[in-house]
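Residue strings, one per chain:
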Amino acid sequence: MSETTMNLTLKIWRQKNQNEKGRFVTIEAKGISTDMSFLEMLDVVNEDLTRKGEDPIYFDHDCREGICGMCSLYINGQPHGPKHGTTTCQLHMRSFHDGQTIVIEPWRAAAFPVLKDLAVDRTAFDRIQQAGGYVSVNTGGVPDANCLPIPKVKADEAFESATCIGCGACVAACKNASAMLFVSAKISQYALLPQGQAERWSRAQAMVEQMDAEGFGACTVTKACEAECPVGIKLTNIARMNRDYFNAKFFKEETVHH
Amino acid sequence: MILDSKIPEGPLAEKWSRHKFNLKLVNPANKRKFTIIVVGTGLAGASAAASLAELGYNVKTFCYQDSPRRAHSIAAQGGINAAKNYQNDGDSVFRLFYDTIKGGDYRAREANVYRLAEVSVNIIDQCVAQGVPFAREYGGLLDNRSFGGAQVSRTFYARGQTGQQLLLGAYSALNRQIHAGKVTSYTRHEMLDVVMIDGHAKGIITRDLKTGAIESHEGHAVLLCTGGYGNVFFLSTNAMGCNVTAAWRAHKRGAYFANPCYTQIHPTCIPVTGDHQSKLTLMSESLRNDGRVWVPKTKEIAEKLRKGQIKISDIKEEDRDYFLERKYPSFGNLVPRDVASRNAKQMADEGRGVGATGLAVFLDFADAIKRLGEDTVRAKYGNLFDMYYQITDENPYKQPMRIYPAVHYTMGGLWVDYNLMTSIPGLYALGECNFSDHGANRLGASALMQGLADGYFVIPYTVGDYLTSLGFKPVDKSNPAFEQTRLEVEENVNKLLSLKGSKTVDDIHKKLGHIMWEYCGMARNEEGLMKAKGLIQELKKEFWNDVTVLGENEELNLSLEKAGRVADFIELGELMVDDALNRRESCGGHFREESATADGEAKRDDEHYAYVAAWEYTGDNQPEVLHKEPLVFENVKLTQRSYK
């Protein structure tokens, strides 16, 4: 690993708030180290702006370890940037070259309104989870953990679905702004586990209906979501969700508790 | 005020059962007459909010992130301890209790720690019932691994993402209660003060980060589940937004702050590369199960390596010093975190560090890959290896990782009694936010355990006892204390917005971090601490005279958010230094150079310092008053920790 520095031209989306119109602003970023993360590069830009008395760029981020799902950014036309299987916070400047122009936008989706600059409102995701993304057990009074053996293969498969970090890259990548990869990951986690069976059909119904109510688009199987997902959530989750949803609608319809 | 820890009478193993019986209950029909405020939605906050709402209380949750699911518990990697003894390797509630007390270097309360060990088994059951996908054996039962500071395998895990899976479990339980209308969730809200009426906490003041609205919220009890204060060091493994503000503002309203100098420096983090660095990334210490820590045997070899004159592969086996295995044969690479960290620092100090800066040691998987095969190593640690690769551009399957200690966790926090109540009636602190269970050093895989123990299995019992004493009246929102406190917060925000100096908030924060790391980090001494105190006082003046805060209140305002937090960190930093000065002994993560054994290990002074130091705020720029809660050990014999 050897550190070098470079100069970049950033075209960044600036938008004062949800109601005002946004626009691209060009900022020169000089002396950027290849060892910096993408967000550290933005930190440097923000420090410069602040010193000049200009409003720093607002972007969402928190853990900077690729797990909290708070960071976003549509970088040169790709959610979380050019590197495969990684979040923006784990993207490093060595993925770029000296003199490059980098276009930085927020997630674009009607269900994710821009709050300011690069930050969007993703509370729609929370509302979908609230509609049914759980097993209805109260604290206490549950059986011993080893009373319920689960085949390792099943447990591992459920884990693969459960790793979704809820960042919204799938929505941003999709030309229809569909949230199906996100929703299906949670539905699949429970559909694969014995704990999830009791509410399997009502859960699929409730979550899909909330997803539709939030204004996310339909899936036309372009696989853009799978390609851009930073944690490798598979398209098969969507197939499983659709199967469960139709199964529920046509054969096992239950009253969904709203 | 005399500190009453409210530890129940009776033998250790019966204390919690007896106490639960003696606590007053709230009739199910009366629970809906109470509102409980929960600040922070990590493991402690989400589990508490969900459990209390299930019982019938009305709950309001607050978090600064855009969703409760983002809380930093999510980043915990390695696992969660529980005394299940599923491995038949000699574990028990008492052993987990003993390991935790010993690991904490005998600076935690016996009763609290025993309760923690006792309810640990319920946590695993609860999480499995929620659908948390823990790692399993081929027979379908749960898998365990061993973790630093323990000789049994009691750690449950979900690959290297245990915190994520546990938090998503608690978040799902919380979501169910939000859906049921029992919890109202406020996101992108920051708590800025506690509302006090007749000496009791009756609500909080928050700032809506989107609109700037400064609002008051009333509740019969307030639970702070706001995590630790590691970001006082600027660089830490905490999330960027982690802060002490909620706890600190509560401290200024009368909640005592306990053992602030107890900070944990985690041994296995990715080393710092430069000034641009914004945070540090932890590599789970589960890696120490299979990785071997070493540095070159001599300064000369290390220097050649740093200069690129030789490659790692050129260093012969006999020229490698596996220093943890050499010094601690019985625990080897699995010694507790404080011991591993200090030894790494010692290697760097001796000039035997590696990497361009020399501030790193190797964590080598070559033997593990030879023994287990690359596929097995990948299955166990794949995501950690990937993360390392992303950040460093070095492939840990082919060459050893470079690691170095970094600030990771804070054992100190708001003082709480056995019921988790702070010195302010009605104000509770759960999880990392309180000081209660880890003494002077926390063992690996115990933070997740404590957060969930407090939230799922302690507070649902203890808060009711307080609520019954209040009667069933709603909180009087028209009490002038609400508007008065709100105005004070507004005034403070306006004061910050009026600052138009030449320094950025980060400039000041970085300076504070350097002072803390240099003088109040892995090793501390009288002279350095005295110097740090002066530097922090100067820095405080610099902040209020020369920092710049841009923009206005009525918008998402990055510089305003940071400014408030850094102002509080500066004040906390001074208290940490005071606490470190006061404690003239070494214990756990607090290493006073003046108090070491002949071979350089931490030396406690039980005669003079077997107490909890609880600090009382007495006013701006006034010295804080120290209250001592003696620690009484009836079930373990105090020994000098030895991992040799």
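Predicted, not measured: the structure shown is a model, and the values here were computed from it.

Chemist: Would you mind showing me how to read the packing of helix α4 (residues 93–103) of chain B against helix α5 (residues 110–130) of chain B here?
Modeler: The geometry of a pair of packed helices is captured by two quantities: the angle between their axes and the separation between those axes. Residue and element names in this part refer to chain B. Where α4 meets α5, the axes come as close as 8 Å, and the angle between the chain directions of the two elements is 135 degrees. The pairing of α4 with α5 is recorded here as oblique in orientation. Seen from above, α4 lies across α5 with right-handed handedness. Mapping the contact onto sequence places Val-93, Phe-94, Leu-96, Phe-97, Thr-100 and Ile-101 in α4 and Glu-110, Val-113, Tyr-114, Ala-117, Glu-118 and Ser-120 in α5.

Chemist: So what exactly am I meant to see when it comes to the nonpolar core here?
Modeler: Generally speaking, a soluble globular protein has its nonpolar side chains buried in company with each other. Within the largest apolar cluster, 209 residues are counted, with the highest numbers of intra-cluster contacts made by Phe-216 of chain A together with Ile-80, Phe-134, Leu-223, Tyr-428, Leu-467 and Phe-543 of chain B. Ranked by the residues each element gives to this core, the list is headed by helix α17 (residues 558–582) of chain B, at 13 residues. Discounting chain neighbours no more than four positions away, the residues touching Phe-216 of chain A are Ala-111, Phe-112, Ala-124, Phe-125, Ile-128, Val-171, Ala-177, Ser-178, Ala-179 and Met-211 of chain A.

Chemist: Help me understand the pairing of strand β11 (residues 263–269) of chain B in this model?
Modeler: Where a strand is regular, its side chains alternate between the two sheet faces. Residues and elements named next belong to chain B. Buried residues dominate β11, accounting for seven of its seven residues. Relative to strand β15 (residues 401–410), β11 is paired through five bridges, and the arrangement is antiparallel. In the sheet register, His-266 faces β15, and the bridge partner there is Ala-406.

Chemist: How should the domain arrangement of chain A be read in this particular structure?
Modeler: All names here are of chain A. Under the domain assignment, chain A is made up of domain 1 (5–116) and domain 2 (123–250). Here domain 1 and domain 2 have C-alpha centroids that lie 29 Å from each other. Counting from both sides, the interface comprises 18 residues of domain 1 and, opposite them, 18 residues of domain 2. In total, domain 1 and domain 2 occlude about 1300 Å² of area from one another, counting both sides; carbon and sulfur atoms represent 63% of this. Our enumeration of links across domain 1 and domain 2 arrives at zero salt bridges. The interface formed by domain 1 and domain 2 contains three residue pairs in polar contact (both at pLDDT 80 or more). Residue composition of the side of domain 1 that touches domain 2, grouped by class: nine nonpolar, nine polar and no charged.

Chemist: Explain the interface of chain B and chain A here, please?
Modeler: On the chain A side, the residues contacting the 78 residues of chain B number 78 residues. Taking both partners together, chain B and chain A bury about 6700 Å²; carbon and sulfur atoms supply 52% of that area. When the buried surface of chain B facing chain A is broken down by residue, Arg-70, His-276 and Gln-390 of chain B rank first, second and third, together holding 11% of it. With a closest N to O distance of 3.3 Å, Glu-160 of chain A and Arg-159 of chain B form a salt bridge. Our count for the contact surface shared by chain B and chain A stands at 45 residue pairs in polar contact (both at pLDDT 80 or more). Where the side of chain B that touches chain A is concerned, the elements lending two or more residues are α3 (43–55), α5, α6 (162–179), α12 (374–392), α13 (447–468), α15 (505–519) and α17 of chain B. In terms of residues, the side of chain B that touches chain A owes the most to one element, α6 of chain B, which gives nine residues. Partitioning the side of chain B that touches chain A into residue classes produces 28 nonpolar, 29 polar and 21 charged.

Criteria and cut-off values
- Residues numbered from 1 in each chain as written.
- Chains lettered and ligands numbered in written order.
- Predicted model: local features only at pLDDT ≥ 70, side-chain atom pairs only at ≥ 80, totals over all residues.
- Heavy atoms only, no water.
- Axes fitted to C-alpha atoms, helices over the stretch in contact; angles between N-to-C directions.
- Helix = DSSP H or I, 4+ residues; strand = E, 2+ residues; numbered from the N terminus.
- Parallel < 35°, antiparallel > 145°, perpendicular 65-115°, else oblique.
- Left-handed = near helix turned anticlockwise from the far one by under 90°.
- Contact = heavy atoms within 4.5 Å.
- Core = buried A, V, L, I, M, F, W, Y, C linked by side-chain atoms within 4.5 Å.
- Buried < 20%, exposed > 50% of the residue type's maximum accessible area, 1.4 Å probe, protein only.
- Pairing = 2+ DSSP bridges.
- Domains from an automatic or database assignment.
- Buried area = accessible area lost by both parts, 1.4 Å probe.
- Salt bridge = Lys/Arg side-chain N within 4 Å of Asp/Glu carboxyl O.
- Polar contact = N/O pair within 3.5 Å; in protein donor to acceptor, adjacent residues only side chain to side chain.
- Nonpolar A, V, L, I, M, F, W, Y, C, P; charged D, E, K, R; others polar.

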